[in-house]
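Below are the chains, spelled out letter by letter.
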Amino acid sequence: MPKVSELLASVAARLSAAGLESGRLEARLLVGDATALSIEQLVAHPEREVDDGGVLARIERLTKRRLAREPMSQILGQREFWSLTFKVTPDVLTPRPDSETLVEAALAALVDRTRPWRILDLGVGSGCLLLSLLHELPNATGIGIDRSERALAVARANAETLGLAGRAVLQLGDWGQGIEEQFDLVVSNPPYIPSDDIETLDPEVSEHEPWLALDGGLDGLDAYRRLAGQLPVLAREGGWALLEVGVDQAQIVARLVRAAGFKIERIRADLGGIERVVVARRP
Ligand SMILES: C[S@@+](CC[C@H](N)C(=O)[O-])C[C@H]1O[C@@H](n2cnc3c(N)ncnc32)[C@H](O)[C@@H]1O
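Residues numbered from 1 in each chain as written. Predicted model: local features only at pLDDT ≥ 70, side-chain atom pairs only at ≥ 80, totals over all residues. Heavy atoms only, no water.

Remarks on the site of the ligand
The test is simple: We call a residue near a given molecule or strand whenever any one of its heavy atoms falls within 4 Å of it. In the analysis that follows, any N or O atom pair within 3.5 Å is treated as a polar contact, provided that within protein one partner can donate a hydrogen and the other can accept it, and provided that, for residues neighboring in sequence, both atoms belong to side chains. To qualify as a helix, a DSSP run of H or I must reach at least 4 residues; to qualify as a strand, a run of E must reach at least 2; elements of each kind are numbered from the N terminus. Any residue outside Ala, Val, Leu, Ile, Met, Phe, Trp, Tyr, Cys, Pro, Asp, Glu, Lys and Arg is labelled polar, Gly included; the first ten of those are nonpolar and the last four are charged.
With respect to spatial proximity, 16 residues lie near the ligand, and among them G123, D146, D174, W175 and N189 are the closest. Within the backbone of G123, one N or O atom sits 2.9 Å away from a nitrogen atom of the ligand. In this structure, D146 approaches the ligand through a side-chain N or O atom, which is 2.6 Å from an oxygen atom. Residue assignment for the shell around the ligand shows that the elements contributing at least two residues are α7 (128–136) and α10 (211–214). Of the residues assigned to the shell around the ligand, the class counts are nine nonpolar, four polar and three charged.

Put into structure tokens, the structure is as follows:
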């Protein structure tokens, strides 16, 4: 009967041999998921023997999925974002730490956290942006729009689990088309990868994440052009528009939003120092 330590070492070795950089950490997460033991329990009791054939088979299945470069978030079915746990499936983009920059910027803009802010999230995906904001702003309510009904099902499940379903409407749409209300805050993390670049990304992204969440058209900026045209209708006077952008896109997106009549308040960098969020305000 293999011990926990032996299972961890063997899975980590296979992942590392396949070129996966975080083999040891991922091995703990996969073995933890299969055995229903926490990382702390795995580390504290490496001598524990695993005698359940079903659990060993599950470890093997999960390891093979990771070796096939399926993202950890999809294998485990969840990902932490803003210290909250979000359900993840192949129908949504995995929430990225870089996007927490947008949440920080939004909270810096909406200074009074107690007001009944109205928030619109265009391309809501898993719901990570809208739901993190609603979690921080107890009287805020919002609408999340997505083109994908399957992504919306994930966002609705997340809203339910986080106890935010009563404050979030999640509906099918094409960006802001047809929305007549004006909001205090409009946020969006649209697809921004130039179409031809998608295949050059890691297989975890190019083969497993939804193209609708990645494909920004020829130059990666298609969605921003549409959004810039809609923002003046969607943000109230004095309202905010916060757009996440890809590498080297901030200045051009800022120009598009400025041309739509907004003042660029700042461009916020992520933890890696990359200009990540265009913070704009309607005068
Ligand atoms: C980059 S993902 C962002 C998801 C989530 N907001 C996040 O930050 O993780 C972009 C999202 O926009 C959605 N999307 C793509 N085209 C759209 C459109 N025309 N109208 C509305 N949503 C769209 C995709 O389905 C995807 O969920």
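Comments concerning the pairing of strand β7 (residues 235–244)
Stated formally: Per-residue accessibility, obtained with a 1.4 Å probe over protein chains only, is compared with the maximum for each type, and a residue is labelled buried under 20%, exposed over 50%, and partly exposed between these values. Pairing between strands requires that DSSP locate at least two bridges from one strand to the other.
For β7, the tally of buried residues reaches eight of ten residues, placing the bulk of the element in the interior. Sheet topology note: the strand β6 (residues 183–188)/β7 ladder contains five bridges and is parallel. What sits directly across from V187, in β7, is L242. Here five bridges tie β7 to strand β9 (residues 275–281), and the two strands are oriented antiparallel to one another. Looking at β9, one finds that L242 is bridged to V279.

Let's talk about the domain arrangement of the protein chain
Quick reminder of the rule: An automatic or database domain assignment provides the domain bounds reported here.
Taken domain by domain, the protein chain comprises domain 1 (4–68) and domain 2 (78–281). Relative placement of domain 1 and domain 2: their C-alpha centres are 34 Å apart.

Comments concerning the packing of aromatic side chains
Two measures describe an aromatic ring pair: the distance that separates the ring centres and the angle between the ring planes. The criterion, for reference: In this scheme Phe, Tyr and Trp rings, the latter by its six-membered ring, pair at centre separations within 6.5 Å, and the angle between planes marks the pair as stacked below 30 degrees, edge-to-face above 60, and tilted otherwise. Only when the NZ of Lys or the CZ of Arg is both within 6 Å of the ring centre and within 35 degrees of the ring normal is a charge said to sit over the ring.
Applying the stated criterion to the full structure yields one aromatic pair. With centroids separated by 6.1 Å and ring planes inclined at 80 degrees, the aromatic side chains of F81 and F86 adopt a geometry described as edge-to-face. Like F81, the residue F86 is buried in the burial classification. Sitting over the face of the ring of W117, R115 holds its NZ or CZ atom 4.4 Å from the ring centroid.

Section: the side chain of D174
Here is the rule we go by: Two residues qualify as a contact provided that any one of their heavy atoms is within 4.5 Å of a heavy atom in the partner residue.
Relative to the helices and strands, D174 is located in the loop between β5 (168–172) and β6. By relative accessible area, which is 18% here, D174 ends up buried. Side chain to side chain, D174 and R226 meet in a polar contact 3.1 Å long. Dropping the residues within four chain positions of it, D174 is found in contact with I145, R147, R226 and Q230.

Some thoughts on a negative patch on the surface
Defined as follows: Two joining distances apply to patches: 9 Å for like charges and 5 Å for nonpolar side chains (Val, Leu, Ile, Met, Phe, Trp, Tyr), and every residue must have over 30% relative accessible area and no salt bridge. Here the open area of atoms and residues is found with the Shrake-Rupley method and a 1.4 Å probe, where only the protein chains shown may cover a residue. In the sections that follow, a salt bridge refers to a side-chain nitrogen of Lys or Arg positioned within 4 Å of a carboxyl oxygen of Asp or Glu. Just so you know, the count uses Lys and Arg for positive and Asp and Glu for negative, and it drops His and the chain ends. Just so you know, the charge point we use is NZ for Lys, CZ for Arg, CG for Asp and CD for Glu.
A cluster of like negative charges, contributed by E6, E49, D51 and D52, occupies part of the molecular surface. For E6, the location among the structural elements is in helix α1 (residues 4–17).

Concerning helix α12 (residues 250–259)
Spelled out, the test is: Read the arc as the range of directions from the helix axis to the C-beta atoms.
Buried within α12 are the following residues: A250, V253, A254 and V257. Taken down its axis, α12 places every buried residue within 105 degrees of arc, on the same side. The exposed set on the far side of α12, more than 90 degrees from its buried face, consists of R255 and A259. At its buried positions, α12 is contacted by α11 (222–234), β7, β8 (263–269) and β9. Phi for G261, located one or two positions after α12, is positive at around 100 degrees.

Let's talk about the sheet that holds β9
Consider a sheet: its strands pair through backbone hydrogen bonds, and that pairing is either parallel or antiparallel. To keep it simple, the criterion reads: Angular values range over 0 to 180 degrees, each being the angle between N-to-C directions of two axes fitted as lines to C-alpha atoms, with helices fitted over their stretch in contact.
The mixed open sheet is built from seven strands, whose spatial order is β5-β4-β3-β6-β7-β9-β8. Two strands bound the open sheet, and with one partner strand each, they are β5 and β8. Neighbouring strand axes in the sheet, compared pairwise and without regard to direction, differ in orientation by 15 degrees on average.

Details of the nonpolar core
Counted only if it meets this: To form a nonpolar core, buried Ala, Val, Leu, Ile, Met, Phe, Trp, Tyr and Cys residues must be joined to one another through side-chain atoms within 4.5 Å.
Of all hydrophobic cores here, the largest spans 34 residues; its most connected members are I119, L133, L134, L137, L185 and L242. Looking at this core, the elements with two or more residues in it are β2 (84–87), α6 (100–109), α7, α8 (149–161), β5, β6, β7 and β9. Excluding residues that lie within four positions of it along the chain, L185 makes contacts with A106, L110, R118, I119, L120, L133, W240 and L242. L122, L227, V245 and V253 belong to the second largest nonpolar core, which has 31 residues in total.

A few points about the packing of α11 against α12
For clarity, the cut-off: In what follows, roughly perpendicular refers to angles from 65 to 115 degrees, roughly parallel to angles under 35, roughly antiparallel to angles over 145, and oblique to any angle outside these ranges. In this scheme the handedness of a crossing depends on how the near helix is turned from the far one: anticlockwise by less than a right angle means left-handed, clockwise means right-handed.
As a packed pair, α11 and α12 sit with axes 8 Å apart at the nearest point and diverge in direction by 30 degrees. One finds that α11 runs roughly parallel with respect to α12. Classified by chirality, the crossing of α12 by α11 is right-handed. Judged by residue contacts, Y224, R225, A228 and L231 of α11 engage V253, L256 and V257 from α12. Along the lines of polarity and charge, the residues of the contact of α11 with α12 split into six nonpolar, no polar and one charged.

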